[in-house]
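# Notes for the structure review
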Amino acid sequence: MTTDDVITEGMQRYIDINNKYLADRDGYIRDVVKKWRFDTIAVHGLYNVTDAIEDYQGAIIEPIFMSTSQAYRDSDEMAAALAYKIPTWCYSRIANPSTYYYEWTLALLEGYGYDGETSCCSTSSGMSAIMTAVMPFLRVVKDIHEPRNFVATAQCYGGTFQQFTVRMMQERGIECRWVLDATNIDEWASKIDKNTRFLYGELPSNPQQGFFDVEAVANLAHENNLPLICDSTVATPALLRPICHGADIVVQSASKSLTSSGFGICGAVIARKNLVTNIDDDALKSDFSLCVKYLQNRDFGPNLHPMQAVMTLNDMRTLRSKMDLMSRNTMEVSEFLEKHPGVESTQYLGLPDHPLHELASKYMTLVDAEHDSQYGKPVNRYGHLMSFCVKGGAEKARTFFDRLQRIWRATDLGRIKSVATIPAISTHQQQGKEGRELAGIPGNMVRLCVGAEHPADIMADLDQALCESK
Ligand SMILES: *Cc1c(COP(=O)(O)O)cnc(C)c1O
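Read on for an overview of the structure.

Thresholds applied
- Residues numbered from 1 in each chain as written.
- Predicted model: local features only at pLDDT ≥ 70, side-chain atom pairs only at ≥ 80, totals over all residues.
- Heavy atoms only, no water.
- Near = heavy atom within 4 Å.
- Polar contact = N/O pair within 3.5 Å; in protein donor to acceptor, adjacent residues only side chain to side chain.
- Areas by Shrake-Rupley, 256 points an atom, 1.4 Å probe, with all protein chains shown as cover.
- Helix = DSSP H or I, 4+ residues; strand = E, 2+ residues; numbered from the N terminus.
- Buried < 20%, exposed > 50% of the residue type's maximum accessible area, 1.4 Å probe, protein only.
- Arc of directions from axis to C-beta.
- Contact = heavy atoms within 4.5 Å.
- Pairing = 2+ DSSP bridges.
- Axes fitted to C-alpha atoms, helices over the stretch in contact; angles between N-to-C directions.
- Right-handed = clockwise from strand over helix to strand, strands pointing away.

### Considerations on the site of the ligand
The immediate surroundings of the ligand are formed by 15 residues, with G126, D231, S253, S255 and K256 found nearest. One nitrogen or oxygen atom from the main chain of G126 is found 2.8 Å from an oxygen atom belonging to the ligand. In the model, an oxygen atom of the ligand is placed 2.9 Å from a nitrogen or oxygen of the M127 main chain. Computed on the free molecule, the ligand has an accessible area of 380 Å², of which 94% lies beneath the protein chains in the complex. The element best represented in the shell around the ligand is helix α6 (residues 126–134), accounting for 3 residues.

### Description of helix α4 (residues 75–82)
Of all the residues in α4, the buried ones are E77, A80 and A81. Take α4 and look down its axis: the buried residues cluster within an arc of 100 degrees, on one side only. Those residues of α4 that are exposed and angled more than 90 degrees off the buried face are S75 and L82. Structurally, α4 contributes buried residues whose contacts are with α1 (9–31).

### Some thoughts on unusual backbone geometry
A cis amide bond, omega -20 degrees, links L203 with the succeeding residue P204. Relative to the assigned elements, P204 resides in the loop between β4 (196–202) and α9 (214–223). Cis peptide bonds are those with omega within 30 degrees of zero, and the linkage from N206 to P207 qualifies with 5 degrees. Look at C90: it is not a glycine, yet its phi comes out positive at around 70 degrees. Mapping C90 onto the fold places it in the loop between α4 and α5 (97–110). Among the residues examined, C90 registers a relative accessible area of 11% and is labelled buried. For N274, which is not a glycine, the phi torsion comes out positive at approximately 55 degrees.

### Some remarks on the sheet that holds strand β3 (residues 175–179)
As summarised here, the arrangement of the 7 strands in space is β1-β7-β6-β5-β4-β2-β3, forming an open sheet in which the pairing is mixed. Two strands bound the open sheet, and with one partner strand each, they are β1 (118–123) and β3. Neighbour-to-neighbour, the strand axes of the sheet open up by a mean angle of 20 degrees, direction not taken into account. As judged from the 3 bridges shared by strand β2 (residues 149–153) and β4, these two strands associate in the parallel manner. Its bridge partner lying in β4, A152 is registered against Y200. Packing against the sheet, helix α7 (residues 158–172) makes contact with β2, β3 and β4, and its axis sits at approximately 145 degrees to β3.

### Regarding the pairing of β4
By the criterion of burial, β4 is predominantly enclosed, with 7 of the 7 residues buried. Note that β4 and strand β5 (residues 228–231) share 4 bridges and pair parallel. Within β5, the residue paired with L199 across the bridge is L228. Handedness of the crossover joining β4 and β5 through α9 is recorded here as right-handed.

As structure tokens, then:
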């Protein structure tokens, strides 16, 4: 992140002090934090006693820095900071100490088990995380009319579908080539040409639970000198870490399971350092997240609020145990629904008869299960997103939906509370019938995210709502 400005002696003094600080921090990450288990990283991240005592009056929880900007000691420090020669937060649109801790925790959790380095750029939402991740690859390289395309899984979040079809294709002439069967590697390959900029895949997808072989698609991407971007919102790093399987960039809608309490909207882009791309930009390749944070997002401004950063950080401390519990509850509820006479079909990756069960089982495991006293061996966990189709069509599905009492009717996912929605009239309403058919969303499909309640109470609610006679 260098500029050509002259470096004065005074600036150099600050640079030296900060280089020492950075070397100490990197040593701490390498020698201490990277040796911790997932739960310990989720609880502490980079925030430690030394930071707290020296800088934050001993506060044991990361302070919320509700300040627009940072003051400097003198003009030398300011000049060094604004030329990005020293770590700085400067102005809260660019960076902030609270978002810094949030970013590090996510970089370390998504990079858990990966032997290279990862970094993270926080964003105001999942949608802005996706925009942040894809924009750098869609830049104009030669002339403004050059053809550009990217290849993406058609089974994806409704907002992503809109961003790619309307904002990119219709408004900007950048072609999105949808992969209809993401498990078919030949289909991915057939859509790549010399104008392709990246591959994009959501797994498991929301709400269809589409899945693909991350390793195979990452290999295909790299053979073509392209990055693979994954939306891993539904899995969270507690169940799947695409970077460990070759993906270059992960986007997270942290508004979902990462902030399971439901306290607001928030996102993140996590990338491995030295990623693969056919864009000739060394800064982008070497540290994608830092580059988009300090340059692109400084200029576009989709930054995360420090208050939200700490709220989410607080929720993430117990991510692993929550994802375990909610996955087990979902398994129980899906087995119940599968046998229910009012249900036409049940879709959950955890059910052995799901067509993608085997593939998902290869990738979706509870992190560190082999190291804890409860399991002591690897266990599969499939998250808490499931869906089912109500017998009798769209009308019946709405009747059922309106009868729910404990389960909340909301277009939400990842909550500690059970939440249900009908995608055709909510999340996937805007893309029209044709778009829904492309994505495989029938009108009688109900998306259910089972929370942390006792599953018996959730099953009782589903049962009474499915029963016509009551
Ligand atoms: C919700 C969601 C998004 C968008 O995230 P926001 O935080 O709502 O902007 C993107 N991808 C997936 C898979 C989602 O579920």
